[in-house]
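# Architecture and fold: a report
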Amino acid sequence: MSGEPVLEARGIVKRFGHVAALSGAHLTVHHGEVVALIGDNGAGKSTLIKVLSGVHPPDEGEIRLGGRAVAFSSPVDARRAGVETVYQDLAVADDLSVAANLYLGREIKRRGPLGRIGLLDKRAMRRGAAEALEQLGVRIPRVTTPISMLSGGQRQSVAVARAVVWATDVVILDEPTAALGVVQTRRVLELVERVRDAGMSVVLVSHNMPQVLEVADRVEVMRLGRRTARFAAAEATTDDLVAAMTGALTTESLD
Amino acid sequence: MATVDQAVGWRGRLEEWLRERISVAVSEVTAATALAVLFIALSLASPYFLTADNLFNIGSQTAVIAIIAVAQTMVIITKGIDLSVGSVAALAGVAGAMVVRDLGFSVWEASAVAVAVGAAAGLVNGLLVSFARLPPFIATLGMMSAGRGLVFIVTGAVGVYSLPESFQLLGNGVIAGVPFTIVVTAAVALAVGGLLSQSRFGQHVYAMGSNLEAARRSGIPVRRNLTAVYVLAGMLVGLGGVIAASRVNSGQPNYGIGLELDVIAAAVIGGASLFGGQGRIVGTLIGAFLIALVRNGSVLLGINIHYQQLIVGLIIWAAVYFDQFRRRRLESRG
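Source: prediction; values computed, not measured.

## Comments concerning a nonpolar patch on the surface
A grouping of Leu301(B), Ile303(B), Tyr307(B), Leu310(B), Leu314(B) and Trp317(B) is seen on the molecular surface, where their side chains present a nonpolar patch of about 650 Å² in accessible area. Relative to the helices and strands, Tyr307(B) resides in helix H13 (residues 305-333).

## Things to note about the packing of helix H3 (residues 85-103) of chain B against helix H5 (residues 136-155) of chain B
Residue and element names in this part refer to chain B. At a minimum axis distance of 8 Å, the contact between H3 and H5 shows a crossing angle of 25°. Classed by the angle they form, the pair H3 and H5 counts as roughly parallel. Every pair of crossing elements has a handedness; the one defined by H3 and H5 is left-handed. Counted together, Gly86, Ser87, Val88, Ala90, Leu91, Val94 and Met98 of H3 and Met143, Met144, Gly147, Arg148, Leu150, Val151, Val154 and Thr155 of H5 form the full contact between these two elements.

## Topic: the interface of chain A and chain B
How large an interface is tends to be reported as the accessible area lost when its parts come together. Listed as interface residues are 34 residues of chain A and, on the opposing side, 29 residues of chain B. The largest share of the area that chain A buries against chain B comes from Asp95(A), Arg142(A) and Met149(A), three residues that together contribute 25% of it. Our enumeration of links across chain A and chain B arrives at 1 salt bridge. If you look at where chain A meets chain B, you find 12 residue pairs in polar contact (both at pLDDT 80 or more). Elements with a contribution of two residues or more to the side of chain A that touches chain B: helix H2 (75-80) and helix H6 (152-166) of chain A. Here the residues of the side of chain A that touches chain B are counted per class, giving 15 nonpolar, 7 polar and 12 charged.

## So, the pairing of strand S10 (residues 226-232) of chain A
All names here are of chain A. Taken together, the 6 bridges between strand S9 (residues 218-223) and S10 define a ladder with antiparallel strand orientation. Bridged to Arg223 within S10 is Arg226. Between S9 and S10, which pair antiparallel one after the other, the connecting turn spans 2 residues, and Leu224 there sits at a positive phi close to 50°.

What counts as what
Residues numbered from 1 in each chain as written. Chains lettered and ligands numbered in written order. Predicted model: local features only at pLDDT ≥ 70, side-chain atom pairs only at ≥ 80, totals over all residues. Heavy atoms only, no water. Patch = residues over 30% accessible without salt bridge, like charges linked within 9 Å, V, L, I, M, F, W, Y side chains within 5 Å. Areas by Shrake-Rupley, 256 points an atom, 1.4 Å probe, with all protein chains shown as cover. Salt bridge = Lys/Arg side-chain N within 4 Å of Asp/Glu carboxyl O. Helix = DSSP H or I, 4+ residues; strand = E, 2+ residues; numbered from the N terminus. Axes fitted to C-alpha atoms, helices over the stretch in contact; angles between N-to-C directions. Parallel < 35°, antiparallel > 145°, perpendicular 65-115°, else oblique. Left-handed = near helix turned anticlockwise from the far one by under 90°. Contact = heavy atoms within 4.5 Å. Buried area = accessible area lost by both parts, 1.4 Å probe. Polar contact = N/O pair within 3.5 Å; in protein donor to acceptor, adjacent residues only side chain to side chain. Nonpolar A, V, L, I, M, F, W, Y, C, P; charged D, E, K, R; others polar. Pairing = 2+ DSSP bridges.

Structure (structure tokens):
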């Protein structure tokens, strides 16, 4: 955890009309760590995620990627810069196959003139998708299966895998297990750990305190549009986190 | 033990694979079965059905419905619908007939004009849907009325007649014993089928219909693509319109009233989903053939045209109900 943070948000302000969803929010993500971002409903977690992933441009503040200031004007910008996000509503195309979803917007074209007129190399994409899922330990029937035929956990795993495959630095996961059962949740958390072990940084938005303490290396707490506390997961308890979320405990100076 | 496990796994995987393939093609298989049954029933019920003349007639009737249904399928895959196909086909057919009559264009030049007219109407539809953000139903409902109004205005509500024989080549001509219309339809089906299933653009069309937001976040230029789909569809509708005009060697301002129902039915029967993201050209061709057979069979068996309307209505209900049922079942599995 030394050196420049991989991703850093400094003093982010985001207003919607008269409502300030973020009023000077910070977030720090180091190389190869899982940072849990927690906070009560309305604390600004999702807004911060959307700012970091290029959905909303911030009104004030700075986003730094590997020490350099960046400005994302669209989700595509953020993805190009190496920040991939899995949104709560998943954003997979149910009717397309697993492989097609993994390569959505980044399809491999055939070589030569057929590729130049836009024909796809489906075989290469199938192979690539199968390899990537295998590596990440994601178990699905086949890469040609349409997403609509998968279970909730499998869908979530595919969505996460898609982000991981393309991310170079940071994967942001917004409530990845909110809609999942126990076994499926386990699978996704294992996937998160594998991603971290592969040297990627993960930002995990979650409501589930035990889960957060189990899988995260550090926890950052938001309240009323700001970061109010930071913990090393190994040293924190669920009570600490709840206290920080409700405002009974702060570790940050809120000037 | 290990080999037994493997055998079970292998068989289980085969079963899973089969189930997946079948559920993808289930509408097509059902439609093809219905088509075969209807075909056999009609050959038994009417002595005229299997005559060369009648089959030729069915062929070219299918062709127009099929080409326009292919256009409709593209739009339906994007979760849209095009109600304006009848009006635009009439407008394009009349435009083609008029340039032949008044400017002495050849049938090929007239076809190009008709396709361009269709493209222009499609462009308006596409811009209304993707940039003005009108629901496709409303955008194309407006075009349905505006297009029909326009065709009556330019023709003075009178058909465009006294065209040279050569104008009939497109709709009634034959190449090596095969109706020209069938050749054109096959070419259109191959081209659009290939575009949808093999190209990046086609992949994005399905993605947009399946989850527009996901497509947008994946960096797909959704507005441009959506507009392109309506333009392409319009071009095909224009082509269908000029073929229809060529078949009767005249431009009819009344042509295509109610045509949208036939082609929507054809697409949906073939497995295109009004909820977007699904539909294949193979299925649409089967659907178009089925609709053409229903029409043709009704005429041969002396069934009143109003009953034909009734039958098509029932078919649309059944096909959409089936689609919904299938979707619900899939979702409950997930």
